[in-house]
Amino acid sequence: MLQRKLYRQRYLFLMLAPAFLLVLIFNYVPLVGWMLAFKRYQVGLGFWASEWVGLEQFKRFFMQSTDYVYLLQNTLSINFMMIITNLTLGLLFAVMLNEIRRRFFVKIIQTVSFFPFFISWVIIYSIANTFLSSSSGLLNELLMKWGILSEGLNILGESKYAWPLVILLEAWKSVGYISIIFIAAISAIPGEQYEAADIDGATRVQKLKFITIPNLMPTFVVILILNSGWILNSNFELFYMFTNATNWEKMEVLDMYIYKFGLQQLNYSYASAVGIVKTIVSIAILLSVNAFSKKMTGKSIF
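Attention in this report is confined to the structure presented alongside it.

Conventions and cut-offs
Residues numbered from 1 in each chain as written. Predicted model: local features only at pLDDT ≥ 70, side-chain atom pairs only at ≥ 80, totals over all residues. Heavy atoms only, no water. Helix = DSSP H or I, 4+ residues; strand = E, 2+ residues; numbered from the N terminus. Rg over C-alpha atoms; globule rule 2.2 N^0.38 Å. Contact = heavy atoms within 4.5 Å. Areas by Shrake-Rupley, 256 points an atom, 1.4 Å probe, with all protein chains shown as cover. Lys, Arg positive; Asp, Glu negative; His and termini not counted. Charge placed at Lys NZ, Arg CZ, Asp CG, Glu CD. Salt bridge = Lys/Arg side-chain N within 4 Å of Asp/Glu carboxyl O. Buried < 20%, exposed > 50% of the residue type's maximum accessible area, 1.4 Å probe, protein only. 1 Å grid on protein atoms, 1.4 Å probe; cavity = no way out; pocket = protein on both sides within 12 Å on 5 of 7 lines; lining within 4 Å. Points joined across faces, edges and corners; volume = space filled by probe spheres on them. Nonpolar A, V, L, I, M, F, W, Y, C, P; charged D, E, K, R; others polar. Core = buried A, V, L, I, M, F, W, Y, C linked by side-chain atoms within 4.5 Å. Expected span 1.5 Å × (residues − 1). Arc of directions from axis to C-beta. Axes fitted to C-alpha atoms, helices over the stretch in contact; angles between N-to-C directions. Parallel < 35°, antiparallel > 145°, perpendicular 65-115°, else oblique. Left-handed = near helix turned anticlockwise from the far one by under 90°. Polar contact = N/O pair within 3.5 Å; in protein donor to acceptor, adjacent residues only side chain to side chain.

### Digging into the overall build of the chain
Link 1 in the chain: Each helix and strand counted, the chain has 14 helices and 2 strands in total.
Link 2 in the chain: By the compact-globule yardstick of 19 Å for 302 residues, the chain is too spread out, its C-alpha radius of gyration being 24 Å.
Link 3 in the chain: A separation of at least 24 residues holds for 63% of the contacts in the chain among residues at least 6 apart in sequence.
Link 4 in the chain: In the form shown here, the chain has an accessible surface area of approximately 18800 Å², with 68% of it arising from carbon and sulfur atoms.
Link 5 in the chain: Charged side chains of the chain number 24 positive and 16 negative; the gap between the two group centres comes to 11 Å.

Right, dumping it as structure tokens:
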């Protein structure tokens, strides 16, 4: 029976095969490299001949160093605030766009808001440096010219500005893209609900409060759960461009730490061990958030 069913759906499996192979080759086969974390890898000896050291690299990360304390704090704090900010602003932006009656203006606003998603972080850093540089930035020059400041603010360098800066830049870049998901969810809301609200004399604010936003909450929760699994995966380009010698304590995240030890210092074994820790913690966070959401709201992805 099963063989007959598989044969009948053979063309569907053939269509799925390229995607399956891509995931297998680029996501699962590289997991063999995790063995590096349990060896003292030496380039000259090669992968298999290097000495097996067991959990030595993990002990070094957790017991011989306190780096994991500030690394987890920076990574979790920044990425959590980014996720909440992006989803909240994306939802509000989609709701406001839905309230505009002139479709022509909606298309223009959508195009303009979506455009930053395609701009690379190298260009964004150049724009930020043009406006926020302490010596020649346009913003500082205007504030000093108007007498508001006596000297320019080092927004790109001082650590106290690091988190708000990257969170706002990430929101500016991503909100237009995220709003499209919520706009699609709004279009799926049954029109009968709004018609019933009109008959009952509901105002636009009441329809937003009791129809639009409640219908968007399941989408919001699902996206939040999916993003929670990536909360330890930082945007490497963003942190690589905006991290410098004066703000690194607030900007160094796990991905930058792995890059520093793996590619700059060529300590592949230690970098692999930190990468495994990041993966395990990410899976634990995803499962925890999914279970919590299922218990509290009844919404989950599995």
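### Considering the pattern of salt bridges
Two side chains that carry opposite charge are able to pair once their charged atoms sit near each other.
Link 1 in the chain: With the rule as written, the count across this model stands at 7 salt bridges.
Link 2 in the chain: Across the pair Arg-40 and Glu-56 runs a salt bridge, and its minimum N-O distance is 2.8 Å. Highlighted residues: Arg-40 in strand β1 (residues 39-40) and Glu-56 in helix α3 (residues 56-62), separated in sequence by 16 residues.
Link 3 in the chain: You can call Arg-40 partly exposed: its relative accessible area is 30%.

### Points about the layout of surface pockets
Link 1 in the chain: Taken as a whole, the largest pocket holds about 730 Å³ of empty space.
Link 2 in the chain: As for the largest pocket, its lining consists of 22 residues, of which Asn-27, Leu-31, Trp-34, Asn-233 and Thr-279 are closest to the centre.
Link 3 in the chain: Elements supplying a minimum of two residues to the lining of the largest pocket: α2 (10-28) and α14 (268-296).
Link 4 in the chain: Here the lining of the largest pocket takes 9 residues from α14, the largest share from any one element.
Link 5 in the chain: Here the lining of the largest pocket is built from residues that sort into 13 nonpolar, 8 polar and 1 charged.
Link 6 in the chain: The wall of the second largest pocket is formed by 20 residues, among which Asn-86, Glu-170, Ser-174, Ile-178 and Asn-227 lie closest to the centre.
Link 7 in the chain: Broken down by secondary-structure element, the contributors of at least two residues to the lining of the second largest pocket are α4 (67-99), α8 (162-187) and α10 (204-228).

### Section: the nonpolar core
Link 1 in the chain: If you look at the biggest cluster of nonpolar residues, it comprises 31 residues, and the most contacted ones within it are Phe-61, Phe-182, Leu-216, Tyr-257 and Val-274.
Link 2 in the chain: Sequence-distant contacts of Val-274, defined by excluding residues within four places in its chain, comprise Phe-61, Leu-254, Tyr-257 and Ile-258.
Link 3 in the chain: If you look at the next biggest cluster of nonpolar residues, it comprises 21 residues, including Ile-78, Met-82, Ala-162 and Val-166.

### Quick word on α14
Link 1 in the chain: Its 29 residues give α14 an end-to-end C-alpha distance of 42 Å, which sits within 8% of 42 Å, the value for a rise of 1.5 Å per residue.
Link 2 in the chain: Looking one or two residues past α14, Gly-298 carries a phi angle of roughly 80°, positive in sign.

### Remarks on unusual backbone geometry
It is generally the case that most residues other than glycine have a negative phi and that most peptide bonds are trans.
Link 1 in the chain: Its identity is not glycine, yet Leu-266 carries a phi of approximately 60°, on the positive side.
Link 2 in the chain: Position of Leu-266 among the secondary structure elements: in the loop between α13 (254-264) and α14.

### Some details on helix α6 (residues 121-132)
Link 1 in the chain: The first and last C-alpha atoms of α6 sit 15 Å apart over 12 residues, in line with the 16 Å expected at 1.5 Å per residue.
Link 2 in the chain: Looking only at α6, the buried set comprises Trp-121, Ile-124, Ala-128 and Leu-132. The buried residues of α6 all sit within an arc of 55° when viewed along its axis, so they share a single face.
Link 3 in the chain: Contacts from the buried residues of α6 go to α7 (138-145), α8 and α11 (236-242).

### Comments concerning the packing of α13 against α14
Link 1 in the chain: The N-to-C vectors of α13 and α14 enclose an angle of 160°; their axes lie 8 Å apart at closest approach. One finds that α13 runs roughly antiparallel with respect to α14. The hand of the α13/α14 crossing is left-handed. Packed against α13, whose contacting residues are Leu-254, Asp-255, Tyr-257, Ile-258, Phe-261 and Gly-262, the element α14 presents Tyr-268, Tyr-270, Ala-271, Val-274, Gly-275 and Lys-278 at the interface.
Link 2 in the chain: Looking at side-chain class alone, the contact of α13 with α14 contains 8 nonpolar, 2 polar and 2 charged residues.

### A few points about the side chain of Ser-179
Link 1 in the chain: Its place among the elements puts Ser-179 in helix α8.
Link 2 in the chain: For Ser-179, the side chain forms a polar contact with the main-chain oxygen of Gly-176, separated by 2.7 Å.
Link 3 in the chain: Not counting the four nearest positions on each side in its chain, Ser-179 is found in contact with Gly-90, Phe-93 and Ala-94.

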